[in-house]
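A look at the structure
Below are the chains, spelled out letter by letter.
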2 protein chains.
Amino acid sequence: MLSPLIDQLIAALRVLPGVGPKSAQRMALHLLERNRAGGEHLAKSLLSACAQVKRCDLCRTLTEQPRCYICASEKRDGTLLCVVENPMDVVAVEQSGTFRGKYFVLLGRLSPMDGIGPGELGLDLLMERLRAEPIGELIVATNPTMEGEATAFYIAERAKQLNVTVSRIAHGVPIGGELEFIDGGTLAHALACRREI
Amino acid sequence: MLSPLIDQLIAALRVLPGVGPKSAQRMALHLLERNRAGGEHLAKSLLSACAQVKRCDLCRTLTEQPRCYICASEKRDGTLLCVVENPMDVVAVEQSGTFRGKYFVLLGRLSPMDGIGPGELGLDLLMERLRAEPIGELIVATNPTMEGEATAFYIAERAKQLNVTVSRIAHGVPIGGELEFIDGGTLAHALACRREI
């Protein structure tokens, strides 16, 4: 609409999640008009992150070091291991502020239709850790979707063969949520998994 | 939260308008996890746009050529000139699809408190164009804010001295809007500026 380079920038901004044509246009013009230094800094940060960020050798989350800061930390409880689907989930659990153990990131979930089997999820790596490290409890925090549940079940079966306690995070009505607005499936699960008080 | 480079990328993404800490985190992890090629392309587009995009010599909008494609076009009506506050407004008017004239971009509005006077808005350049070119009508499309109105009034006064017809875009109830939800000021203006049908 304005010039080839600006149009190219607007199109390139569309790779960002949640950014449609209108926001991309607003972002491009905002950066060019008001904050070129910020735009250049963003471009450089993006280039160095894309080039240098790899996976943690141990837990497979994103990091530019061989081991992520959680795996490298001596303050974390090495006997507790939380299995999540992706690095975003590590951040989410960290932000809950209560988990002091370590992580294992599957980078997906079992999905035979898409060719994602135990190998792709690094489950051999996980089992090796369960064998080699003094892990007392494996907390499976995959998403409560069909595939996430299947993955959790599969991991639990394999971990139990190694005599590791396996737990699943609780699913039910979110704290602060109102029953009126909760879907039937969640509510049915919350009822079925009720606890004595 | 994850690693210094990722944290730096998340912070850098915050320069984008409308992007808070949560979206920045989601964007950074999405690019690193799922679309590094897109991220690198975005970074390169951003660097070349920041380095090469300048202002059009004639209308002051953003372009990497000496003249923007509108000023350079022979198909546009050179007797109609639309004055807008910034390049985003050029895009907005273009997207309305009905204006076939050319533009002049003020890059702001009169605001003596912020040290923005006629010089900063390039009004001498505008007046020179009104003298040199066969411009029959100057359409002032500054925003209907206090400063935008003052700017429009000032430009109209100066243009009239050069015997150029000056018009202001209409303000009132937006097409598709409902009276019920329109603010009182707009409605008062719409009533005062009513037209016989």
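Residues numbered from 1 in each chain as written. Chains lettered and ligands numbered in written order. Predicted model: local features only at pLDDT ≥ 70, side-chain atom pairs only at ≥ 80, totals over all residues. Heavy atoms only, no water.

At a minimum axis distance of 9 Å, the contact between helix α1 (residues 4-13) of chain A and helix α3 (residues 36-52) of chain B shows a crossing angle of 150 degrees. Put simply, α1 of chain A runs roughly antiparallel to α3 of chain B. Considering the relative orientation of α1 of chain A and α3 of chain B, their crossing is left-handed. Within the contact between the two elements, α1 of chain A uses Leu5, Gln8, Leu9, Ala12 and Leu13 of chain A and α3 of chain B uses His41, Leu42, Ser45, Leu46, Ser48, Ala49 and Gln52 of chain B. Class assignment for the residues of the contact of α1 of chain A with α3 of chain B results in 7 nonpolar, 5 polar and no charged. (Axes fitted to C-alpha atoms, helices over the stretch in contact; angles between N-to-C directions. Helix = DSSP H or I, 4+ residues; strand = E, 2+ residues; numbered from the N terminus. Parallel < 35°, antiparallel > 145°, perpendicular 65-115°, else oblique. Left-handed = near helix turned anticlockwise from the far one by under 90°. Contact = heavy atoms within 4.5 Å. Nonpolar A, V, L, I, M, F, W, Y, C, P; charged D, E, K, R; others polar.)

Moving on, we come to the environment of Leu13 of chain A. Structurally, the position occupied by Leu13 of chain A is in helix α1. What makes Leu13 of chain A buried here is its relative accessible area of 0%. Between the alpha carbons of Leu13 of chain A and Glu120 of chain A there is a distance of 30 Å; along the sequence they are 107 residues apart. Residues contacting Leu13 of chain A, with those up to four places away along its chain left out, are Val19, Ala24, Met27 and Ala28 of chain A together with Leu16 and Leu42 of chain B. (Buried < 20%, exposed > 50% of the residue type's maximum accessible area, 1.4 Å probe, protein only.)

To continue, consider the domain arrangement of chain A. Per the domain assignment, the segments making up chain A are domain 1 (4-52) and domain 2 (75-168). For domain 1 of chain A versus domain 2 of chain A, the distance between C-alpha centres works out to 35 Å. (Domains from an automatic or database assignment.)

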